[in-house]
Amino acid sequence: AQKITQTQPGMFVQEKEAVTLDCTYDTSDQSYGLFWYKQPSSGEMIFLIYQGSYDEQNATEGRYSLNFQKARKSANLVISASQLGDSAMYFCAMREVSNSGYALNFGKGTSLLVTP
Amino acid sequence: DAMVIQNPRYQVTQFGKPVTLSCSQTLNHNVMYWYQQKSSQAPKLLFHYYDKDFNNEADTPDNFQSRRPNTSFCFLDIRSPGLGDAAMYLCATSPLNSNQPQHFGDGTRLSIL
C-alpha cells in the first residue's frame, strides 16, 4: 500500500509567489517523522524540513514551512517567495519508528518549475 | 565540513561486468543506506546497515550486494549489471534518532553499455 501520496506530478509558480506542494501519508504508528527533500536536476537530495508526529507546532525553516494536519494525515510543504533556484523535484518522505534503521518511504515527487 | 561522499559521480560499465560504487561519511552516523533511483521515480531502498548489522529489503535482487568494512565506508557491488540497473544510486547516512534527517551524497549515475 502506498505510504506517501503526492498528487501533483508537476507545478508551476511565478517568481516571488508562494506555492504549496501536497503530501498525504498513511501509517498506523503513533510516532513517526515527516521529511521534505529537494532534488535539483544534478541529482543530489537536499534535506529541507522535518515534522515529528508529536510536534504541536508546524515546522518552519526560512522560506519553507510545513502545514501539518495530523487528523487529515497531510504534511504539505509551503515555499514562500519562490526563487528561480527552487525549480526542482520535491519529495515527501516518512520515517516510521517500527522500521529498523528508520528507513524512509518516499512519495513519487512533485516537479516544481518557477517562472520569471 | 562533515559530509557524505560518493565516488564516482558517473560510472559506465558493460553489460554483465561487475561494478562497485563507494560511499564514505565523516558524520560518524550509525546507519548507512543505499537507494536506487530510476528516471522520474522516487528513491527505492535497497538495503541499509546499522553499524555492522546488514538489513536487506525483501525485493532487492541478489545481484546487489553491499559491504561496510568500517563506520566510514560502505560499498555497493553489482555482480552482473543488466540494462535495467541503469539508475542513480544514492548513499545516505543517519543517526538512529528518528527525528534526524538522512544526509545524502551527490549520487552515482550508473550507465550500462
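From a predicted model like this one, the values you see are computed outputs, not experimental measurements.

A short note on unusual backbone geometry
Item 1. Following B:Asn7, the chain continues into B:Pro8 via a peptide bond in cis, with omega recorded as -10°.
Item 2. By secondary structure assignment, the location of B:Pro8 is in the loop between strand 1 (4-7) and strand 2 (10-13).
Item 3. Within the chain, A:Lys73 stands out as a residue other than glycine whose phi angle is a positive 55°.
Item 4. Inspection of the secondary structure assignment puts A:Lys73 in the loop between strand 8 (64-69) and strand 9 (74-79).
Item 5. Residue class for A:Lys73 comes out partly exposed when judged on its relative accessible area of 30%.
Item 6. Positive phi, normally seen in glycine, also occurs at B:Asn28, with a value near 60°.
Item 7. With respect to the helices and strands, B:Asn28 occurs in the loop between strand 3 (19-25) and strand 4 (31-37).

Describing the interface of chain A and chain B
Item 1. Tallying the contact residues gives 21 residues for chain A and 25 residues for chain B.
Item 2. Counting the surface chain A buries against chain B, the share from its top three residues, A:Met45, A:Arg95 and A:Phe106, is 26%.
Item 3. In this assembly, chain A and chain B are joined by one salt bridge.
Item 4. Between A:Glu44 and B:Arg9 there is a salt bridge, with its nearest N and O atoms 4.0 Å apart.
Item 5. On the surface where chain A and chain B come into contact, there are five residue pairs in polar contact (both at pLDDT 80 or more).
Item 6. When residues of the side of chain A that touches chain B are traced back to their parent elements, those giving at least two are strand 5 (32-39), strand 6 (46-52), strand 10 (88-96) and strand 11 (104-106) of chain A.
Item 7. Considering each element in turn, the side of chain A that touches chain B owes the most residues, three residues, to strand 5 of chain A.
Item 8. Among the residues forming the side of chain A that touches chain B, the class breakdown is eleven nonpolar, seven polar and three charged.

The rules behind these values
- Residues numbered from 1 in each chain as written.
- Chains lettered and ligands numbered in written order.
- Predicted model: local features only at pLDDT ≥ 70, side-chain atom pairs only at ≥ 80, totals over all residues.
- Heavy atoms only, no water.
- Helix = DSSP H or I, 4+ residues; strand = E, 2+ residues; numbered from the N terminus.
- Buried < 20%, exposed > 50% of the residue type's maximum accessible area, 1.4 Å probe, protein only.
- Contact = heavy atoms within 4.5 Å.
- Buried area = accessible area lost by both parts, 1.4 Å probe.
- Salt bridge = Lys/Arg side-chain N within 4 Å of Asp/Glu carboxyl O.
- Polar contact = N/O pair within 3.5 Å; in protein donor to acceptor, adjacent residues only side chain to side chain.
- Nonpolar A, V, L, I, M, F, W, Y, C, P; charged D, E, K, R; others polar.

All quantities given are derived from atomic positions and should not be read as evidence of function.
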